[in-house]
Amino acid sequence: MRSRLGLWLLLTPVLLWLVLLIVLPHIDLLLMSFRGENDLGEPAWTLANYANFFSEPVYWLTFARTALYAVITTAITAMLAMPVAFYITKLARQRARGALLVLLLLPFWVSELVRVYGWMILLRESGVLNHFMLALGLVHKPVEMLYNDASMIMGLVYTSMLFMVVPLVSVMDSLDDSLIEAAHDLGAHKRAIWRTIIIPHCKPGLVSGSIIVFMLTLGNYLTPNLMGGKNSLWFTEQIYNQFIASFNWNQGAAFGFLLLLLSSLMIWLGLKLTRQKLGEVAS
């Protein structure tokens, strides 16, 4: 009885936090997404908020574009994080590992807004990179490197890199070095070692990191808005416009749940393709 009482006392704050701040608000938003007005202007339950999504091309095209670029960002982040995690766990000295992890954490000690503005200072026409390229004679006039899809993806990769490296470091650290050494001694190529030993062993960390990065990228508002510009539409901007600009909470709630449905579907698909279970990835 005492152990059960102690367990419930420990779980009560977490359960209250989940129910009051996550479950109940999401249920209210879900109900709000089905609210609207009938032909007489009276409140009624309707699917019009979801029908508007398919009737306006700008909505579903932005939705598809956001999903595509979120997948691309996740793939690029994974490809960059794998060698970084391998170097930290297998090549760097024991004393240097802590310093390298601190260097990865260091940019995240400041706000995302500050980090994004740092990239904007580097890439803008009057920024640092253009100043050096003009001084070295590499270009004859400033080059606009901001407000395009490439700079937006670069910013998204930068802001989410840590969330991919940390899970990979944790699983790669448990990889026995003798397996890699034995494969190398038997004449295996580096690509074969990565394909048959390292990547299969790191699959749980790779999947968990991909889930986190994909969800963070899909719901990101600041980086696409600042680095992508007007031409790089992101679906979170549509949600923001419905809630804040148009004050149409019913439509914004419907858009929000469509984005939640997309993220859940992509996570389920990723787990099925990699033959992983959510419990294995979460652990």
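Everything quoted here is computed from the prediction, not taken from an experiment.

## With respect to the packing of helix 3 (residues 57-91) against helix 13 (residues 249-274)
It is at 12 Å that the axes of helix 3 and helix 13 come closest, and there the two elements cross at 35°. As for how helix 3 packs across helix 13, the hand of that crossing is right-handed. Residues Tyr59, Phe63, Ala67 and Val71 of helix 3 touch helix 13, and the partners they reach there are Phe255, Leu258, Leu259, Leu262 and Met266. For the contact of helix 3 with helix 13, the class distribution of residues is nine nonpolar, no polar and no charged.

## Here we look at the pattern of salt bridges
Summed over all chains, the structure comprises three salt bridges. Aspartate 173 is the partner of arginine 97 in a salt bridge, and the nearest nitrogen-oxygen pair spans 3.8 Å. Of this pair, arginine 97 sits in helix 4 (residues 94-105) while aspartate 173 is found in the loop between helix 7 (149-172) and helix 8 (177-185), placing the two residues 76 residues apart along the sequence.

## Side note on the nonpolar core
Within the largest apolar cluster, 26 residues are counted, with the highest numbers of intra-cluster contacts made by Leu168, Met172, Ile180, Ile198 and Cys202. Listing elements by their share of this core, those giving two or more residues are helix 3, helix 7, helix 8 and helix 9 (190-201). Once you skip the residues sitting within four places of it in the chain, leucine 168 turns out to touch Ala81, Met82, Ala85, Cys202, Gly205 and Leu206. One finds Met32, Tyr59, Phe63 and Phe235 within the second-largest nonpolar core, a separate group that totals 19 residues.

## Examining the domain arrangement of the chain
Parsing the chain into structural domains produces domain 1 (1-45) and domain 2 (56-280). For domain 1 and domain 2, the distance between their C-alpha centres works out to 31 Å. Contacts between the two partners involve seven residues from domain 1 and, on the opposite side, seven residues from domain 2. Between domain 1 and domain 2, the buried area comes to about 560 Å², and carbon and sulfur atoms account for 79% of it. Among the residues domain 1 hides against domain 2, the three largest losses belong to Leu29, Met32 and Ser33. Together they make up 65% of the total. Here domain 1 and domain 2 share one residue pair in polar contact (both at pLDDT 80 or more) between them. Elements represented by at least two residues in the side of domain 1 that touches domain 2 include exactly helix 1 (2-33) and strand 1 (35-37). Ranked by residues supplied to the side of domain 1 that touches domain 2, first place goes to helix 1 with five residues. In terms of residue class, the side of domain 1 that touches domain 2 is made up of three nonpolar, three polar and one charged.

## What about the UniProt feature "transmembrane region" (unreviewed entry) in the chain?
Feature annotation in UniProt places "transmembrane region" (unreviewed entry) on residues 7-27, 67-88, 100-122, 150-171, 205-223 and 253-271, given in this structure's numbering. With 100% helix and 0% strand, residues 150-171 has end C-alpha atoms that lie 31 Å from one another. Helix makes up 100% of residues 253-271 and strand 0%, whereas the separation of the span's terminal C-alpha atoms amounts to 27 Å.

## Quick word on the packing of aromatic side chains
Within this structure, the stated rule accounts for 14 aromatic pairs. Here tyrosine 59 and phenylalanine 255 contribute two aromatic rings whose centre-to-centre distance is 4.8 Å and whose plane-to-plane angle is 65°, an arrangement assigned as edge-to-face. Linking tyrosine 59 in helix 3 with phenylalanine 255 in helix 13, this pair joins segments that are 196 residues apart in sequence. Grouping residues by exposure puts tyrosine 59 and phenylalanine 255 together as buried. Each ring, one from tryptophan 119 and one from tyrosine 158, has its centre 5.5 Å from the other, and the planes form 75°; the classification is edge-to-face. Of this pair, tryptophan 119 sits in helix 5 (residues 112-123) while tyrosine 158 sits in helix 7, and the two are 39 residues apart along the sequence. Among the aromatic side chains, those forming a connected cluster through ring pairs are Phe53, Phe54, Tyr59, Phe63, Phe235 and Phe255.

Reading the values: the criteria
- Every chain's residues receive numbers from 1 upward, in the order its sequence appears when written.
- Reporting in this predicted model follows two pLDDT cut-offs: at least 70 for local features of residues, and 80 or more for side-chain atom pairs to be given and counted; totals over whole chains, interfaces and linings ignore these cut-offs and use all residues.
- To get the side-chain values, all heavy atoms of the structure are used, and hydrogens and water are removed first.
- Helix axes are fitted only over the stretch in contact, all axes being lines through C-alpha atoms; the angle between N-to-C directions runs from 0 to 180 degrees.
- Each helix corresponds to a stretch of at least 4 residues labelled H or I by DSSP, and each strand to a stretch of at least 2 residues labelled E; elements are numbered beginning at the N terminus.
- Helix crossings fall into two classes, left-handed where the near helix is turned counterclockwise from the far one by less than a right angle and right-handed where it is turned clockwise.
- The contact criterion used throughout is that any non-hydrogen atoms of two residues lie within 4.5 Å.
- By the convention adopted, Pro, Cys, Tyr, Trp, Phe, Met, Ile, Leu, Val and Ala count as nonpolar, Lys, Arg, Asp and Glu as charged, and the other residues, Gly among them, as polar.
- Whenever a carboxyl oxygen of Asp or Glu lies within 4 Å of a side-chain nitrogen of Lys or Arg, that contact is scored as a salt bridge.
- Only buried Ala, Val, Leu, Ile, Met, Phe, Trp, Tyr and Cys residues count toward a nonpolar core, and they belong to the same one when joined by side-chain atoms within 4.5 Å.
- Relative accessibility decides the category of a residue: with a 1.4 Å probe and only protein chains considered, values under 20% of the type maximum give buried, values over 50% give exposed, and everything between is partly exposed.
- An automatic or database domain assignment supplies the residue ranges for each domain.
- Once two parts are brought into contact, the accessible area they lose, counted with a 1.4 Å probe and summed over both, makes up the buried area.
- In protein, a polar contact means a hydrogen-donor-capable atom and an acceptor-capable atom, both N or O and within 3.5 Å, with residues adjacent in sequence counting only if both atoms are side-chain atoms; elsewhere, any N or O pair within 3.5 Å suffices.
- UniProt positions are given in the numbering used here, feature names are shortened, and annotations may be inferred rather than shown by experiment.
- A pair of aromatic rings is counted whenever rings of Phe, Tyr or Trp (Trp by its six-membered ring) have centres within 6.5 Å, and the orientation is called stacked for planes under 30 degrees apart, edge-to-face for over 60 and tilted otherwise.

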